[in-house]
Amino acid sequence: MTKQALFTQQEFNDIPWSFEQQNYWLRLDLENKSSQQEDVVAHFDNPMVDHLTIYRLNKSIRLPLIY
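Residues numbered from 1 in each chain as written. Predicted model: local features only at pLDDT ≥ 70, side-chain atom pairs only at ≥ 80, totals over all residues. Heavy atoms only, no water.

Trainee: Would you mind showing me how to read the overall build of the protein chain here?
Mentor: The helix and strand tally for the protein chain stands at zero helices and two strands. Counting only residues that meet the buried cut, the protein chain has 1% of its 67 residues in that class. Pairs at least 24 apart in sequence give 9% of the contacts found in the protein chain among residues at least 6 apart. By element, 50% of the accessible surface of the protein chain is carried by carbon and sulfur atoms, the whole surface being about 7,600 Å². (Helix = DSSP H or I, 4+ residues; strand = E, 2+ residues; numbered from the N terminus. Buried < 20%, exposed > 50% of the residue type's maximum accessible area, 1.4 Å probe, protein only. Contact = heavy atoms within 4.5 Å. Areas by Shrake-Rupley, 256 points an atom, 1.4 Å probe, with all protein chains shown as cover.)

Trainee: Explanation requested: a nonpolar patch on the surface in the structure shown.
Mentor: Side chains of Phe12, Trp17, Tyr24, Leu26, Leu28, Leu30 and Val40 sit close together on the surface and give an oily, nonpolar patch of about 780 Å² of accessible area. Position of Leu26 among the secondary structure elements: in the segment before strand E1 (55–56). (Patch = residues over 30% accessible without salt bridge, like charges linked within 9 Å, V, L, I, M, F, W, Y side chains within 5 Å. Salt bridge = Lys/Arg side-chain N within 4 Å of Asp/Glu carboxyl O.)

Trainee: What should I look at first to understand the pattern of salt bridges in this one?
Mentor: Once the charged atoms of two side chains with opposite charge are near each other, the side chains can pair. A complete count under the given rule lists one salt bridge for this structure. With its nearest N and O atoms 3.4 Å apart, the salt bridge here joins Asp29 to Arg27. A relative accessible area of 64% places Asp29 in the exposed class. On the basis of relative accessible area, Arg27 is assigned to the partly exposed category, the value being 40%.

Trainee: Could you clarify how one ought to interpret the packing of aromatic side chains in this entry?
Mentor: Geometrically, a pair of aromatic rings is defined through the distance of the ring centres and the angle of the planes. In total, this model carries three aromatic pairs according to the counting rule given. Measuring from ring centre to ring centre gives 5.4 Å for Trp25 and Tyr55, while their planes differ by 10 degrees; the resulting arrangement is stacked. Of this pair, Trp25 sits in the segment before E1 while Tyr55 is found in strand E1, placing the two residues 30 residues apart along the sequence. Overall, Tyr55 belongs to the partly exposed group, its relative accessible area being 37%. Put simply, the rings of Phe12, Trp17 and Tyr24 pair up and form one aromatic cluster. (Phe/Tyr/Trp six-rings, centres within 6.5 Å; stacked < 30°, edge-to-face > 60°.)

Here is the structure:
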């Protein structure tokens, strides 16, 4: 099974969010089409979330950073 096959492509609004204790893995591909370096800011405004871990993969699809 490829790593890509571990993800199901779905629109963000169509994800069946649950109020039960649940883990969600979201993969976001970001591309800067500007000629300048841009900062990325993520805002998670959900009082039901107690813990949020963000993983950033490098170009080799390895996990060098955990925020």
